[in-house]
Amino acid sequence: MPEQAVHVHQAPTGFIRKYVFSLDHKIIGLQYYALAFVAVFTGMVLSWLMRIHLVWPNAPIPGLGLLSKTGAPGGIVTPEYYLQLMTMHGTLMVFFVLTNAPFAAFGNYFLPIQIGAEDMAFPRFNMMSFWTTFIAFCVLVSAFFVGDGPPLSGWTAYAPLSAVGGDPGPGQAVGQTLWGLSIFIFCIASLLGSLNFIATTLDLRTKGMTLSRMPIVSWAWFITSCIALLAFAVLLPACLLLILDRVAGTSFFVPSGLNISDHMQPHQGGSPLLWQHLFWFFGHPEVYIAILPAIGIVSHILICNMRKDMLSHKVLVYCMMAIGFLSYMVWGHHMFLSGMNPFSALVFSFPTLVITIPATIMTLIWLGSLYGSNLRINSASLFCLGFISMFVSGGVSGFFLAQPSIDIYLHATYFVVGHFHMVMGVAAIMGVFAGTYFWFPKMTGRMMNETLGKWHFFLTFIGTYAIFMPFHYLGLAGNVRRYSAFTDDYLVPLVPVHKFITFAALFTGAAQLIFIFNLFYSRFKGAPAPANPWECTSLEWSTPSSPPPFDNFGGKHPVVYHDPYQYGVKSSTGDYLMQTSPEQAGQTP
Amino acid sequence: MSEATLDRASHGAEVMEASPFAIPSSKLVMWLFIISDACTFGAMLFAYGYIRNSAADWPLVFESASIWNALLMTFILVTSSLTVLLAVRDAANENRAGAFKWAMITAGLGVVFTILHLREWMSLIGEGVRPFQNPWGAPMFGASFFAVTGLHMAHVAGGVVALVVVGLGFKAGRYAFRHIEIWALYWHFVDLVWMFVVPLIYLLNMKR
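Residues numbered from 1 in each chain as written. Chains lettered and ligands numbered in written order. Predicted model: local features only at pLDDT ≥ 70, side-chain atom pairs only at ≥ 80, totals over all residues. Heavy atoms only, no water.

A. Spatial organisation of the overall build of chain B. When helices and strands are tallied, chain B shows five helices and zero strands. For chain B, the sequential pattern of α-helices and β-strands runs α-α-α-α-α. If one aligns the C-alpha atoms of chain B with their principal axes, the spans along those axes are about 65 × 35 × 25 Å. Evaluated residue by residue, chain B yields a buried proportion of 57% over its 208 residues. Looking at chain B as shown, the accessible area adds up to about 8700 Å², and 70% of this sits on carbon and sulfur atoms. (Helix = DSSP H or I, 4+ residues; strand = E, 2+ residues; numbered from the N terminus. Buried < 20%, exposed > 50% of the residue type's maximum accessible area, 1.4 Å probe, protein only. Areas by Shrake-Rupley, 256 points an atom, 1.4 Å probe, with all protein chains shown as cover.)

Below you can see the structure in the form of structure tokens.
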């Protein structure tokens, strides 16, 4: 059969084709990174506003009154506006940061290079994925500026609050519909991206790059895209039905006889539990969509800095596959107290606890490999250690929450908030920081400042623990989440803890200014990066220049001769052997 | 297909590792899309089953005329799966006129299917079925029916457009065999989904 032999070898010259509607996976990766960057700092500012409101509920926040006259009259946040800030914080962080940064941004940039491809399998799809994501972002943010403001039902958009379109109160009108639309569009973008990642990984590996020779982070992106392909396919119709409930008068998610604001709702015959089933069937795999790429990035960087392979990195890959598989069987553990049959709580509890087995194996591999290794201490490897620390600290509280009997007490308290912020939020962000410090020389041709990087790490590490560890204490003390203020009830004694957390949050957020400064300063004034500054073996360090040329390898197809992690060997390059080096490794020196 | 497509086949086996499935990337992507879309339909049918099981007075509305209509639609869709196979066979033999003819016949059958379906929608709407109420019982009957069959109908309509585009393109020499084959795959999938819709939506809701 005839196949056209046309390549995308010609680099575009115009600014628009080169930097805006680019087909180049590297530019698209940077675009995803930039979008996540904007989203993460927006989300962080929102969390500041929430923290400030929690401890000084009556203090006016300068300028906020301009953003929302009804939500924050005179800058004083109303209880509804608090929930609206929380919803936008969660949605931005989970979808536009934790899904985009470790997976779409770094994956787009480095997956094709690591497997020796010139680009993704479908560059146009790739461009469409990014711009569709961008539209989803704009639709979401526009909710800030519509009447009644953004939604207040949380990033989980629990029905019936999210599904009742008839009686708009603050945050229940157009804003919630925009939320549904935004996530619907986001699903389409993520599905397009996943298709592309899978096709690229399977079909565009260069000669010698067998599946078993792929670096662990490429495996992580591949497994993540398989998870995303199935998970977003379920959220897509869920959002569709949610939008129908809101605009077409259906009631998939609204029960009969619901009375809101002394007004009987016209909806009949639906079930709020149905939304929870559909949402969490997506939502739990989504947690792994956020964390698996970080696991891959961290393992990849640690192996390079330990100068030896993990014991064995292949077991890590099998563990990631097991986690991906199990992630589809545990969604009900978010619903122990939602009115499901109590027996089904036990059914969901069991596989949840089984997930801790591959997670524990991974942790033991990291710790066992680190033990006695000569770890090179740099910003990237420090953030890797931070990741492991957060992964363990946040993961251990998962044991508690996975037991239905203990969850009765802990459900919807700050314990849960602490748990998922540590294991999903901060851990994945640590992975993104590690990846940024590690790959910055390749992406820009300049080194990041190590001193600033280390300051950034220690302040962030201490700061995030100072924020999120007390959350567990608050939860055990019975502090319910989503309360906008603690005025005159049993929670008043906990307000000093909240004050501490607020100070820690402001401090940790301010510490990120170091990162921003370092990022921009190093981009323009950083020391020029050598071709392979970390002496790493994988293919992204074999490109002829930094950043790599348009077709990544300068018109050549690299050939791969080795497993990804040939460290601690004797070779002409020193103690490592590039995957592209035809040389055979000597004995360990 | 887009000139920017970097197909494995266009790179040649001497510089690339073999794909584990030995099929063009675009065909692989269609298979992946089908897996993903199956999850989408699965979620829709799950939602329908959930709503149906939790309703006390789910109406059983389809009379034998509706069932016969559904069976006729099924017959048409299954037949179109056969005609699209003939298009693939002709395309594989580089018989461009034949492949075009069979692709158009398939698209035509898809149009007939959609017309029959829309006629049925109109008759249900005429009887008073709305997304939020109907004359017989559980108000969510209409919403579930329209959502599931509407999603399927949208897939059929999309398939018709795709078949016309690749049929014309293949005849003109712009498209290769694999494009016909990929959309034939899609068409079979849409057909297969209907095999779930008929028993779950029609036969289960037959008047008895």
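B. Just the overall build of chain A, in detail. Scanning chain A for helices and strands turns up 15 helices and four strands. For a compact globule of 589 residues, the expected C-alpha radius of gyration is about 25 Å, and chain A comes in at 24 Å, within 12% of that figure. Counting only C-alpha atoms, chain A reaches 80 × 55 × 50 Å along its principal axes. Of all 589 residues assigned to chain A, the portion counted as buried reaches 63%. Within chain A, counting contacts between residues at least 6 apart in sequence, those at least 24 apart form 78% of the total. For chain A, the accessible area works out to roughly 20700 Å², and carbon and sulfur atoms hold 71% of it. Seen as two clouds, the 24 positive and the 22 negative side-chain charges of chain A have centres 10 Å apart. (Rg over C-alpha atoms; globule rule 2.2 N^0.38 Å. Contact = heavy atoms within 4.5 Å. Lys, Arg positive; Asp, Glu negative; His and termini not counted. Charge placed at Lys NZ, Arg CZ, Asp CG, Glu CD.)

C. Just the interface of chain A and chain B, in detail. Between chain A and chain B, the residue contacts involve 51 residues of the former and 48 residues of the latter. Together chain A and chain B conceal approximately 4300 Å² of surface at their shared face, both sides included; 70% is due to carbon and sulfur atoms. Summed over the shared surface of chain A and chain B, the number is zero salt bridges. Along the contact surface separating chain A from chain B lie eight residue pairs in polar contact (both at pLDDT 80 or more). For the side of chain A that touches chain B, the secondary-structure elements that each account for two or more residues are helix H5 (123-142), helix H6 (174-203), helix H7 (216-247) and helix H8 (272-306) of chain A. Residue contributions to the side of chain A that touches chain B peak at seven residues, all from H7(A). Here the residues of the side of chain A that touches chain B are counted per class, giving 30 nonpolar, 14 polar and seven charged. (Buried area = accessible area lost by both parts, 1.4 Å probe. Salt bridge = Lys/Arg side-chain N within 4 Å of Asp/Glu carboxyl O. Polar contact = N/O pair within 3.5 Å; in protein donor to acceptor, adjacent residues only side chain to side chain. Nonpolar A, V, L, I, M, F, W, Y, C, P; charged D, E, K, R; others polar.)

D. Molecular detail of the domain arrangement of chain A. All names here are of chain A. Splitting chain A by domain gives domain 1 (31-255 + 265-294), domain 2 (387-524) and domain 3 (528-589). Between domain 1 and domain 3, the residue contacts involve 20 residues of the former and 20 residues of the latter. Together, the buried faces of domain 1 and domain 3 total about 1400 Å²; carbon and sulfur atoms form 54% of this surface. Contact with domain 3 buries area across many residues of domain 1, yet Ile113, Glu118 and Arg213 alone supply 41% of it, more than any other trio. On inspection of domain 1 and its partner domain 3, the count reaches zero salt bridges. Across the contact surface, domain 1 and domain 3 share nine residue pairs in polar contact (both at pLDDT 80 or more). At the level of secondary structure, the elements contributing two or more residues to the side of domain 1 that touches domain 3 comprise helix H4 (79-114) and H7. Here the residues of the side of domain 1 that touches domain 3 sort into eleven nonpolar, five polar and four charged. (Domains from an automatic or database assignment.)

E. Structural context of the pairing of strand S3 (residues 566-571) of chain A. As defined by bridge partners, S3(A) adjoins strand S4 (residues 574-577) of chain A across three bridges and the pair is classed as antiparallel. Residue pairing across strands places Gln566(A) opposite Leu577(A), the latter belonging to S4(A). (Pairing = 2+ DSSP bridges.)

F. View of the packing of helix H13 (residues 414-444) of chain A against helix H15 (residues 495-525) of chain A. All names here are of chain A. Interhelical geometry of H13 versus H15 gives an angle of 15 degrees and a closest axis separation of 12 Å. Taken together, the axes of H13 and H15 are roughly parallel relative to one another. Taken as a pair, H13 and H15 cross one another with a handedness that is left-handed. Taking contact as the criterion, the partners of Tyr414, Phe433, Thr436, Tyr437, Phe440 and Thr444 in H13 are, on H15, His498, Gln512, Phe515, Asn518, Leu519, Ser522 and Arg523. Residues of the contact of H13 with H15, tallied by class, amount to six nonpolar, six polar and one charged. (Axes fitted to C-alpha atoms, helices over the stretch in contact; angles between N-to-C directions. Parallel < 35°, antiparallel > 145°, perpendicular 65-115°, else oblique. Left-handed = near helix turned anticlockwise from the far one by under 90°.)

G. Quick peek at H8(A). All names here are of chain A. An ideal rise of 1.5 Å per residue puts 51 Å on 35 residues; H8 measures up with 50 Å between its terminal C-alpha atoms. Trp280 marks the point of greatest bend in H8, at about 30 degrees. Among the 35 residues that make up H8, 33 are buried, leaving the element largely enclosed by the rest of the structure. Measuring from the side-chain oxygen of the N-cap residue of H8 to the backbone nitrogen of Leu273 gives 3.1 Å; that N-cap residue is Ser271. Arg307 lies just past H8 and shows a positive phi near 60 degrees. (Expected span 1.5 Å × (residues − 1). Bend = angle between axes of the 7 residues up to and from the residue.)

H. Just unusual backbone geometry, in detail. Residues and elements named next belong to chain A. The step from Ala159 to Pro160 runs through a cis peptide bond, and the omega angle for that step is 5 degrees. Cis geometry marks the peptide bond from Leu311 to Ser312; its omega dihedral reads -25 degrees. The phi dihedral of Asp148 is positive, around 70 degrees, even though this residue is not glycine. Structurally, Asp148 can be placed in the loop between H5 and H6. Overall, Asp148 belongs to the partly exposed group, its relative accessible area being 35%.

I. Examining the pattern of salt bridges more closely. Scanning all chains against the criterion turns up eight salt bridges over all chains. Residues Asp563(A) and Lys314(A) are paired through a salt bridge, measuring 3.8 Å at the closest nitrogen-oxygen approach. Of the two residues, Asp563(A) is situated in the loop between H15 and S3 and Lys314(A) in helix H9 (residues 313-326); the sequence distance between them amounts to 249 residues. Here Arg96(B) ties to Glu94(B) by a salt bridge, and the two come within 3.3 Å at their closest N and O atoms. Accessibility expressed as a relative area gives 41% for Glu94(B), which makes it partly exposed.

J. Seen up close, a nonpolar patch on the surface. Residue and element names in this part refer to chain B. A cluster of nonpolar side chains, contributed by Val78, Leu192, Met195, Phe196, Leu200 and Leu204, occupies part of the molecular surface with about 480 Å² of accessible area. Here the nonpolar patch gets four residues from one element, more than from any other, and that element is helix H5 (residues 177-202). Secondary-structure assignment places Val78 in helix H2 (residues 64-92). Val78 gets classed as partly exposed once you look at its relative accessible area, which sits at 39%. (Patch = residues over 30% accessible without salt bridge, like charges linked within 9 Å, V, L, I, M, F, W, Y side chains within 5 Å.)

K. Spotlight on the side chain of Thr464(A). Here Thr464(A) is to be found in helix H14 (residues 450-476). Taking relative accessible area as the criterion, Thr464(A) reaches 7% and is therefore assigned buried.

L. Up close: H6(A). With 30 residues, H6(A) should cover 44 Å at 1.5 Å per step; its first-to-last C-alpha distance of 44 Å lies within 8% of that length. Most of H6(A) sits inside the fold, with 26 of its 30 residues counted as buried.

M. Fine view of the packing of aromatic side chains. In the structure shown here, the tally under the stated rule is 70 aromatic pairs over all chains. Taking 5.2 Å as the distance between ring centres and 70 degrees as the angle between the ring planes, the aromatic pair formed by Trp155(A) and Phe279(A) counts as edge-to-face. In this pair, Trp155(A) sits in the loop between H5 and H6 while Phe279(A) sits in helix H8, placing the two residues 124 residues apart along the sequence. The exposure class assigned to Phe279(A) is buried, which follows from its relative accessible area of 0%. The ring of Phe170(B) carries the charged tip of Arg96(B) above its face, separated from the ring centre by 4.3 Å. Above the plane of the ring of Phe100(B) lies Lys171(B), whose end atom (NZ or CZ) is 4.5 Å from the centre. (Phe/Tyr/Trp six-rings, centres within 6.5 Å; stacked < 30°, edge-to-face > 60°. Lys NZ or Arg CZ within 6 Å of the ring centre and 35° of its normal.)

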